[in-house]
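# Summary of structural features
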Amino acid sequence: MGKTGCRVIDLPRVADPRGNLTFVEGDNHVPFDIARVYYLYDVPGGTSRGGHAHRDLQALIIAASGSFDVSVDDGEHQERFFLNRSYHGLLVPNMVWRELDNFSSGGVCLVLASAVYEEDDYIRDHAEFREVARARRAAEPAPPSAADAA
């Protein structure tokens, strides 16, 4: 798992000379029920998508065709992932800012989401996101120290 809590997961592949098959089951391959599926395509060169975080929603981002980059930020750490295999998915937890760019020609981004669309779940301003993320970290209980374990 990366510093932001994001991680690439391998999805099942069924190899067949007629063409391969990959499937995703909610609460099995991803740690949530799949409530919504959407995809991005025909993204013009030099354009980015995303540019937001979710308060509660979790997502699995898959390069169904072609490739693209996903930059993530948890308010403290930043990471960049290159997706180019339809049997890999980037698991993005809630409260992680995401931006997608560098789409290849014909690139298709498939997203499996843990919740239906709700505008109130979105944080679309990066400065606001950093403030909310900082406040959430400050409110979290401190991890137990070595002295507590003794």
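So, here's what we can say about the structure. (Residues numbered from 1 in each chain as written. Predicted model: local features only at pLDDT ≥ 70, side-chain atom pairs only at ≥ 80, totals over all residues. Heavy atoms only, no water.)

### A word on the sheet that holds strand E8 (residues 78-83)
In a beta sheet, neighbouring strands pair by backbone hydrogen bonds and run either parallel or antiparallel. Selection criterion: When DSSP locates at least two bridges between a pair of strands, those strands are taken to pair. Counting from the N terminus, the helices are the DSSP runs of H or I reaching at least four residues and the strands are the DSSP runs of E reaching at least two.
Sheet architecture is open: 5 strands sit in the order E8-E7-E10-E5-E12, paired in antiparallel fashion. Looking at which strands have only one partner, the edges of the open sheet turn out to be E8 and strand E12 (122-123). Two elements, strand E5 (residues 49-54) and E12, share 2 bridges in a ladder whose sense is antiparallel. Bridging across to E12, His54 finds its partner in Tyr122.

### A short note on the pairing of strand E7 (residues 68-73)
This is how the line gets drawn: Throughout this description, buried means an accessible area under 20% of the type-specific maximum (1.4 Å probe, protein chains only), exposed means over 50%, and partly exposed covers the range between.
Here E7 lies mainly inside the structure; 5 of its 6 residues are buried. Bridge analysis of E7 against E8 gives 6 bridges, and the strand direction is antiparallel. The residue of E8 that forms the bridge with Ser71 is Arg80. Between E7 and E8, which follow one another and run antiparallel, lie 4 residues, and Gly75 among them has a positive phi close to 95 degrees. Bridge count for E7 against strand E10 (residues 97-101) is 5 bridges, and the pairing is antiparallel.

These results come straight from atomic positions and should not be treated as a statement about function.
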